[in-house]
Amino acid sequence: MTPGAMTGGSPLEQRVRSAVATHRGDRGALLPILHDIQAEFGYVDAAAVPILADELNLSRAEVFGVISFYHDFRESPAAGTVVRICRAEACQANGAEALMAHARQTHDTVTVEQVFCFGNCALGPAVEVNGRLAGRVDAARLDALVAGAAVQA
C-alpha cells in the first residue's frame, strides 16, 4: 500500500490515517498525530504503530520509540479518572510530593501520573484531573476533585 492511501479498515485504522492526512505536511508530524490519536482514544493502541510506520515511512521501532519515550503517551487505556500532579520545583516547594503520596495511597481506582510543569507555577501545587487544571491543591481539594470527576463520568 502506498503512504497516504485511504482504505476501509477498523475505526482505529481510519482515524490513524485521517490524523496522518491532517498532519502529513507538518514538520515532525508524528508527535501531533500521536496526540490526536491519544486525544480520541485515550491511548495509542499498538495496532496504530505499523500503520503510522507505513504512512510516515518510518520503522516500527522509530514509532514505538517515540511513544515509549514521551510520558504523555499511554500504551493502554487509563483506569478511570486520570490525575496528573506537577512535580516541578515550584509545585514541589508547595507540597506536591506529599500530594503525590496521598493520591497514590488514597485513590487506588484512579490513574496517577506525574508531570513536570503545567505552567501554573504561581498556583502550585497544580493538578489536572481528567484534563481540567486546578491550582493550590491540597489533599482535601484533591479528594473533592476526584470525587467530582467520578460523578461526571
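First, a word on what this report is: a plain description of the structure on this page.

Parameters and conventions
- Residues numbered from 1 in each chain as written.
- Predicted model: local features only at pLDDT ≥ 70, side-chain atom pairs only at ≥ 80, totals over all residues.
- Heavy atoms only, no water.
- Salt bridge = Lys/Arg side-chain N within 4 Å of Asp/Glu carboxyl O.
- Helix = DSSP H or I, 4+ residues; strand = E, 2+ residues; numbered from the N terminus.
- Buried < 20%, exposed > 50% of the residue type's maximum accessible area, 1.4 Å probe, protein only.
- Pairing = 2+ DSSP bridges.

**Overview of the pattern of salt bridges**
Stage number 1. All told, the structure shown has 9 salt bridges when counted by the stated rule.
Stage number 2. With its nearest N and O atoms 3.7 Å apart, the salt bridge here joins Glu113 to Arg84. With Glu113 in strand β2 (residues 111-115) and Arg84 in strand β1 (residues 82-86), this residue pair connects regions lying 29 residues apart in the sequence.
Stage number 3. Linking Glu128 and Arg84 is a salt bridge whose minimum nitrogen-to-oxygen distance equals 3.0 Å. In this pair, Glu128 sits in strand β3 (residues 127-129) while Arg84 sits in strand β1, placing the two residues 44 residues apart along the sequence. The two residues Glu128 and Arg84 agree in class, both being buried.

**A few points about the pairing of β1**
Stage number 1. With 5 of 5 residues buried, β1 lies mostly within the body of the structure.
Stage number 2. What you see with β1 is no split at all: Val82, Arg84 and Cys86 on one side and Val83 and Ile85 on the other are buried throughout.
Stage number 3. Here β1 runs beside β2; their pairing, made up of 5 bridges, is parallel. For Val83, the partnering residue across the bridge sits in β2 and is Val112.
Stage number 4. Bridge analysis of β1 against β3 gives 3 bridges, and the strand direction is antiparallel. Along β3, the bridge assignment pairs Ile85 with Val127.

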